[in-house]
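Each chain is listed here by its residues.
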Amino acid sequence: MKLILLGAPGAGKGTQAERIAKVLNVPTISTGNILREAIRNGTEIGLKAKAFMDKGALVPDEVIIGIVAERVAQPDCAGGYILDGMPRTIPQAQALEAKGICMDAVVSIEIEDAVIESRMTGRRVCSGCGASYHISANPSKVEGICDTCGKELIIRKDDTPETVKNRLRVFHAETEALKDFYASLGRLKLVDGDQDIDDVTREILTAIGVEA
Ligand code: ADP
Ligand code: AMP
């Protein structure tokens, strides 16, 4: 199963990708996590991406397409994968098709802009594995520590209200059109993202025809 999770920043893509990946037993490919790791490691890609990410802008398509093409060619992706946060532009989606990276399903996690602010102010992410938590809706078992890898939870630099506003603007201007793109290919499913995390997971699994 090759699945794309679409949605605004804060819609719950990372949270759901982790859960669905466990059910499907496939890896999750989060371009945001890959880029943040590249920044931490000071790689060339990280240096290129940092200024865009800090202001909530999109990293250039060619950088993203290169990252994903390389990642999906790894052996652990042979049985499928979940793309979280990619594609974010029509050229990125076209590049996937052109490279023969055809997805089985595309799920858009639907959420109103008004809900996103509280999601972002309460988000904490693992500095090691990138797992996403929320101080009230999805807290870690031990405050400030990742349940999965035990590393410290941090606030993302781009989760400030000003940057979130810009990321939402970019989402509506550049990314939302992907819904029409995938609807016209007959692959789009819509899921209500404004419900409990477990309910969203259930709805996604139903949408892609998988029994939990
Ligand atoms: P995205 O990857 O789409 O940017 P995340 O999965 O990181 O979004 O979720 C954003 C924030 O909202 C996180 O703090 C997460 O714990 C929280 N969250 C995710 N899904 C829900 C939900 N259904 N209800 C409440 N909070 C949620
Ligand atoms: P995310 O972790 O998905 O919220 O992504 C964080 C930031 O990484 C975004 O605001 C962009 O700057 C950058 N980014 C992640 N994925 C992409 C993508 N597919 N295209 C362009 N920029 C991206």
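Residues numbered from 1 in each chain as written. Chains lettered and ligands numbered in written order. Predicted model: local features only at pLDDT ≥ 70, side-chain atom pairs only at ≥ 80, totals over all residues. Heavy atoms only, no water.

With respect to the site of ligand 2
Move 1: Near ligand 2 there are 16 residues, and of these T31, R36, A57, G85 and Q92 occur at the shortest range.
Move 2: The separation between an oxygen atom of ligand 2 and a polar side-chain atom of R36 is 2.9 Å.
Move 3: The side chain of R167 places a nitrogen or oxygen atom 3.4 Å from an oxygen atom of ligand 2.
Move 4: Coverage of ligand 2 by the protein chains reaches 96% of its 480 Å² of free accessible surface. (Near = heavy atom within 4 Å. Polar contact = N/O pair within 3.5 Å; in protein donor to acceptor, adjacent residues only side chain to side chain. Areas by Shrake-Rupley, 256 points an atom, 1.4 Å probe, with all protein chains shown as cover.)

Side note on the packing of aromatic side chains
Move 1: By the definition in use, this model includes 1 aromatic pair.
Move 2: Taken together, a centroid distance of 4.9 Å and an interplanar angle of 85° make the contact between F181 and Y182 edge-to-face.
Move 3: Overall, the relative accessible area of 16% leaves F181 in the buried class. (Phe/Tyr/Trp six-rings, centres within 6.5 Å; stacked < 30°, edge-to-face > 60°. Buried < 20%, exposed > 50% of the residue type's maximum accessible area, 1.4 Å probe, protein only.)

What about unusual backbone geometry?
Move 1: Cis geometry marks the peptide bond from M86 to P87; its omega dihedral reads 0°.
Move 2: Summarising the element assignment, P87 is placed in the loop between β3 (81-84) and α5 (90-98). (Helix = DSSP H or I, 4+ residues; strand = E, 2+ residues; numbered from the N terminus.)

Comments concerning the site of ligand 1
Move 1: Taken together, 20 residues lie near ligand 1, and T15, R123, S132, Y133 and Q195 sit nearest.
Move 2: Contact distances for ligand 1 include 2.8 Å between an oxygen atom and a side-chain N or O atom of K13.
Move 3: The separation between an oxygen atom of ligand 1 and a polar side-chain atom of R123 is 2.7 Å.
Move 4: For ligand 1, the protein covers 91% of the area, taking 560 Å² as the surface of the free molecule.
Move 5: Only α1 (13-24), β6 (132-134) and α9 (197-207) provide two or more residues apiece to the shell around ligand 1.

As for the packing of helix α2 (residues 31-40) against helix α3 (residues 44-54)
Move 1: Between α2 and α3, the shortest axis-to-axis distance is 8 Å and the interhelical angle comes to 115°. Judged on the interaxial angle alone, α3 and α2 are roughly perpendicular. The handedness of the crossing between α2 and α3 comes out as left-handed. Contact with α2, carried on its side by G32, L35, R36, A38 and I39, involves I45, G46, A49, K50 and M53 of α3 and no other residues of that element.
Move 2: In terms of residue class, the contact of α2 with α3 is made up of 6 nonpolar, 2 polar and 2 charged. (Axes fitted to C-alpha atoms, helices over the stretch in contact; angles between N-to-C directions. Parallel < 35°, antiparallel > 145°, perpendicular 65-115°, else oblique. Left-handed = near helix turned anticlockwise from the far one by under 90°. Contact = heavy atoms within 4.5 Å. Nonpolar A, V, L, I, M, F, W, Y, C, P; charged D, E, K, R; others polar.)

Examining the pattern of salt bridges
Move 1: Scanning the entire structure with this criterion turns up 12 salt bridges.
Move 2: For the salt bridge of E110 with K179, the shortest nitrogen-to-oxygen distance reads 3.0 Å. Taken together, the residues span a long stretch of sequence, with E110 in strand β4 (residues 105-110) and K179 in helix α8 (residues 178-184) at a distance of 69 residues.
Move 3: Here D199 and R202 are joined by a salt bridge, their closest N and O atoms 2.5 Å apart. Of this pair, D199 and R202 both sit in helix α9, 3 residues apart, which is roughly one turn of the helix.
Move 4: D199 gets classed as partly exposed once you look at its relative accessible area, which sits at 28%. (Salt bridge = Lys/Arg side-chain N within 4 Å of Asp/Glu carboxyl O.)

A few points about α2
Move 1: Within α2, burial applies to T31, G32, L35, R36 and A38. Seen along its axis, α2 keeps its buried residues to an arc of 160°; they face one direction.
Move 2: Where α2 is buried, its residues meet β2 (28-30), α3, α4 (61-72) and β3.
Move 3: Trailing α2 by a residue or two, G42 shows a phi angle of about 65°, which is positive. (Arc of directions from axis to C-beta.)

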